[in-house]
Amino acid sequence: MTIEERRARIGRRPGFVLPAIYWVVIAVTLVPIVAMIAYSFNIAPNHRITFVWHGFTLAYYLHLTDLSGLWQAFLVSVVIAVLSALISLVIGLPLALALDRYRFRGRSLIWGIVFVDISAPSIVVGAASLSFFLTINLHTGFLTILLVHVAFNVAYVVVTLRSRLSGMGTVLEEAASDLGARPIPAFFTITVPLLMPGIVASFMLALTMSIDDYVITSFVAGSSTTFPLFVYGAKTGMPPQVLCFGTIIFVAGALLALANGALNRKSSF
Amino acid sequence: MRLRRWRRMSVPYALALLGSAWMIVLFLIPLISQLSVSLMTGDPEQGYNLTWNFGIYAELFGPGAAVPYALFLGRALLFGGAATLITILVGYPVAYFLAFRVPRRWKTPLLSLVVMSLLVSFIIRTYMWGFILGGHGPILTWLRALHLAGPDFHILDTAGAVIGGLAYNSFPYMVLPIYAVLERIDPRTFEAAADLYASPRVGFFRTTLPLSRAGIFSGILLVFIDSVGDPVNSQLLGGKTTYMIGQAIQDSYLIQQQYNVASALSAVLMLALGVILFAYARFFGTENIEDLV
């Protein structure tokens with residue numbers, strides 16, 4: 001009997017409690033998402049969303065850039081997300097390799113820092129970073145947001161890549177070196193392609209962490225505004241364009257996830 | 001020869017250099033130097049000087065404190081703890097369902113539905129909940145129309161709304177690690193339990209639950225820490241009676257600009273979280289901490 005058949009046998013008692021809990025959870029998960037999508041199409045008389053349904057419109061999608069500041073904030077968020085994900089990948093991949101493949105002095109200290117970096121509460125990290133920038137007299141703004149986003153993304157990248165690396169083993173790299181490959185070409189022709197799913201996953205994780213961060217960014221943003229900061233600032237009422245951006249990000253993310261799922265399904269055969 | 005050996009020895013340090021330097025300079029040093037900021041006195045106009053003012057901790061958390069920060073911290077720990085408990089009680093059955101009751105090809109799609117909310121900006125999600133549960137929202141409108149709620153009944157500005165918001169926002173972070181450990185359990189374990197005449201209930205409490213301890217602990221780390229420090233849910237879904245330590249840190253830094261107060265508050269928050277999680281790890285026992293990340 002295969003592992004899968006054994007698993008299936010455990011689940012042979014039909015039962016409806018577990019599926020019921022699951023589907024209630026999904027229904028609750030959907031509530032704010034459906035509300036966001038629906039109200040992005042509702043006419044908003046005072047340019048603030050209201051519950052009363054005033055009629056269907058595409059106007060806010062067609063005039064996404066009309067709301068001053070929102071488009072700019074969105075661009076700042078995207079640029080910081082992409083840059084911070086790239087930088088943390090470039091400095092995080094070698095660090096993950098060092099932690100997984102070598103025993104060296106300071107290894108467990110660095111691993112401890114990675115652990116604390118991931119688990120420290122955002123509010124503390126934000127306050128600490130701002131204290132630091134004030135102490136060294138670095139003007140807060142775009143640069144400080146980027147520096148801090150890399151500082152938390154590196155930890156996520158290292159953890160994701162290290163778990164892939166330790167699952168991968170070193171057999172193929174040893175084979176390459178037995179066949180006379182120099183370490184650096186072997187790294188780029190063997191290790192990197194094998195590690196590609198992990199690289200993509202950690203890049204996407206870093207992108208998401210950066211683009212959605214409000215708490216830490218609120219401390220170190222200075223006069224810059226990112227998308228979450230802009231949305232949070234709209235306390236007197238939500239402009240409908242914000243929901244349009246939210247819907248576009250959601251649909252794009254869902255499509256990427258679907259494409260990724262389809263690719264994985266194909267490659268597994 | 002010696003040069004070659006030296007070069008080999010230095011490889012891991014060269015690889016680790018940039019990544020660890022970035023974390024040390026921009027994460028670890030700020031975190032530690034914040035402790036010294038808390039011991040400074042001064043004001044934003046004149047600047048702050050290190051005067052080793054340990055008294056600030058007694059001033060902020062002692063019995064005669066002008067602002068009840070101890071209450072805000074206690075409330076945050078209580079709300080964060082309640083939200084964590086809810087995510088475990090609801091998230092564990094969901095993870096169990098996905099790991100054991102779903103055919104293989106449906107696992108990824110059904111798991112994606114659980115984490116779907118992460119594709120929507122955290123602030124928009126929370127704001128939409130406020131919009132739906134608010135005084136003019138559909139829920140209260142219907143409840144009033146059915147005479148199930150009086151005109152003064154409200155959902156927002158209550159502890160329940162804030163705890164619910166915290167639980168909703170961190171739910172996927174509880175399900176994912178529990179699902180990951182459940183998936184790794186060897187099904188022969190259950191057969192062994194059944195062969196030894198364990199009833200399904202006993203089998204669950206003696207095999208499955210203990211084997212998923214590490215996943216629950218990672219979930220608690222992720223959910224509890226960020227819920228306790230969160231300033232957003234209590235701001236958007238709560239009111240004066242739900243003011244939490246995260247908001248206090250943010251306000252004293254960004255509005256009142258009392259850097260020493262904010263630093264002292266976050267130092268105490270870190271300490272409280274550290275003590276609670278350490279006690280939990282000791283009490284329930286957990287494996288190598290490296291496995292948890």
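Let me begin by describing the structure that accompanies this report. This one's a predicted model, so the numbers in the text were calculated from it and none came from an experiment.

1. A closer look at the overall build of chain B
Item 1. Each helix and strand counted, chain B has 13 helices and two strands in total.
Item 2. In terms of overall dimensions, chain B is more spread out than a globule: its C-alpha atoms have a radius of gyration of 24 Å, far above the 19 Å expected for 293 residues.
Item 3. Taken over the C-alpha atoms alone, chain B extends approximately 90 × 75 × 35 Å along its principal axes.
Item 4. For chain B, buried positions account for 48% of its 293 residues.
Item 5. Sequence-distant contacts, at least 24 apart, represent 68% of the contacts inside chain B between residues at least 6 apart.
Item 6. Taken as two groups, the 19 positive and 15 negative side-chain charges of chain B have centres that lie 14 Å from each other.

2. A word on the pattern of salt bridges
Item 1. Taken as a whole and assessed by the stated rule, the structure comprises five salt bridges over all chains.
Item 2. Linking D212 of chain A and R125 of chain B is a salt bridge whose minimum nitrogen-to-oxygen distance equals 3.5 Å. Pair noted here: D212 of chain A is in the loop between α9 (183–211) and α10 (215–220) and R125 of chain B is in helix α5 (residues 122–133), and the two residues belong to different chains. Neither residue differs from the other here; D212 of chain A and R125 of chain B are each classed as buried.
Item 3. Of the charged contacts, one joins D186 of chain B and R188 of chain B as a salt bridge, the two residues approaching to 2.6 Å between their closest N and O atoms.
Item 4. A single salt-bridge network, built from bridges that share partners, covers D100, R101 and E173 of chain A.

3. Topic: the nonpolar core
Item 1. Counting 155 residues, the largest nonpolar core has L98, I124, L182, I249 and L269 of chain B as its most contacted members.
Item 2. Grouped together as the second largest cluster of nonpolar side chains are eight residues, L133, L140, I155 and L156 of chain B included.

4. Some thoughts on the interface of chain A and chain B
Item 1. Listed as interface residues are 89 residues of chain A and, on the opposing side, 88 residues of chain B.
Item 2. For the pair chain A and chain B, the two sides together bury roughly 7900 Å², of which 77% comes from carbon and sulfur.
Item 3. Along the contact surface separating chain A from chain B lie one salt bridge.
Item 4. Linking chain A with chain B are 11 residue pairs in polar contact (both at pLDDT 80 or more), by the criterion used here.
Item 5. At 16 residues, helix α2 (residues 17–39) of chain A tops the list of elements feeding residues into the side of chain A that touches chain B.
Item 6. Its residues assigned to classes, the side of chain A that touches chain B shows 68 nonpolar, 12 polar and nine charged.

5. A short note on the packing of helix α10 (residues 213–229) of chain B against helix α13 (residues 259–284) of chain B
Residue and element names in this part refer to chain B.
Item 1. As a packed pair, α10 and α13 sit with axes 11 Å apart at the nearest point and diverge in direction by 165°. With respect to α13, the axis of α10 lies roughly antiparallel. When you trace α10 past α13, the crossing you get is right-handed. Mapping the contact onto sequence places R213, I216, F217, I220, L221, F224, I225, V228 and G229 in α10 and L269, L273, I276, L277, Y280, A281 and F284 in α13.

6. Details of a nonpolar patch on the surface
Item 1. On the surface, a cluster of nonpolar side chains totalling about 490 Å² of accessible area is made up of W53, F56, L58 and L62 of chain A.
Item 2. Examined against the element boundaries, L62 of chain A turns out to sit in helix α3 (residues 59–62).

7. Remarks on the packing of α2 of chain A against helix α3 (residues 69–100) of chain B
Item 1. Relative orientation of the contacting elements α2 of chain A and α3 of chain B amounts to 115°, with a least axis distance of 9 Å. Classified by the interaxial angle, the pair formed by α2 of chain A and α3 of chain B is roughly perpendicular. The element α2 of chain A and its partner α3 of chain B pack so that their crossing is left-handed. Side by side, α2 of chain A and α3 of chain B meet where L18, P19, I21, Y22 and V25 of chain A of the first sit next to V90, P93, V94, Y96, F97 and L98 of chain B of the second.
Item 2. Looking at the contact of α2 of chain A with α3 of chain B, its residues break down into 11 nonpolar, no polar and no charged.

8. Section: a positive patch on the surface
Item 1. On the surface, a cluster of positive charge is contributed by R182 of chain A together with R4, R7 and R8 of chain B.
Item 2. With respect to the helices, strands and loops of the structure, R7 of chain B is situated in helix α1 (residues 2–38).

9. Notes on unusual backbone geometry
Residue and element names in this part refer to chain A.
Item 1. If you check the backbone angles, N137 has positive phi at about 60° while not being a glycine.
Item 2. Tracing the backbone shows N137 in the loop between α6 (122–135) and α7 (142–168).
Item 3. We classify N137 as exposed; its relative accessible area is 70%.

10. Considering the packing of aromatic side chains
All names here are of chain A.
Item 1. Using the criterion set out here, one finds 29 aromatic pairs over all chains in the structure.
Item 2. Here F41 and F56 contribute two aromatic rings whose centre-to-centre distance is 5.2 Å and whose plane-to-plane angle is 15°, an arrangement assigned as stacked. Of the two residues, F41 is situated in the loop between α2 and α3 and F56 in the loop between α2 and α3; the sequence distance between them amounts to 15 residues.
Item 3. By relative accessible area, which is 58% here, F56 ends up exposed.
Item 4. Note on F74 and F245: the rings are 4.7 Å apart at their centroids and 45° apart in plane angle, and the pair reads as tilted. Remark: F245 occurs in helix α12 (residues 240–267) and F74 occurs in helix α4 (residues 70–101); sequence separation between them is 171 residues.

Conventions used here
Residues numbered from 1 in each chain as written. Chains lettered and ligands numbered in written order. Predicted model: local features only at pLDDT ≥ 70, side-chain atom pairs only at ≥ 80, totals over all residues. Heavy atoms only, no water. Helix = DSSP H or I, 4+ residues; strand = E, 2+ residues; numbered from the N terminus. Rg over C-alpha atoms; globule rule 2.2 N^0.38 Å. Buried < 20%, exposed > 50% of the residue type's maximum accessible area, 1.4 Å probe, protein only. Contact = heavy atoms within 4.5 Å. Lys, Arg positive; Asp, Glu negative; His and termini not counted. Charge placed at Lys NZ, Arg CZ, Asp CG, Glu CD. Salt bridge = Lys/Arg side-chain N within 4 Å of Asp/Glu carboxyl O. Core = buried A, V, L, I, M, F, W, Y, C linked by side-chain atoms within 4.5 Å. Buried area = accessible area lost by both parts, 1.4 Å probe. Polar contact = N/O pair within 3.5 Å; in protein donor to acceptor, adjacent residues only side chain to side chain. Nonpolar A, V, L, I, M, F, W, Y, C, P; charged D, E, K, R; others polar. Axes fitted to C-alpha atoms, helices over the stretch in contact; angles between N-to-C directions. Parallel < 35°, antiparallel > 145°, perpendicular 65-115°, else oblique. Left-handed = near helix turned anticlockwise from the far one by under 90°. Patch = residues over 30% accessible without salt bridge, like charges linked within 9 Å, V, L, I, M, F, W, Y side chains within 5 Å. Areas by Shrake-Rupley, 256 points an atom, 1.4 Å probe, with all protein chains shown as cover. Phe/Tyr/Trp six-rings, centres within 6.5 Å; stacked < 30°, edge-to-face > 60°.

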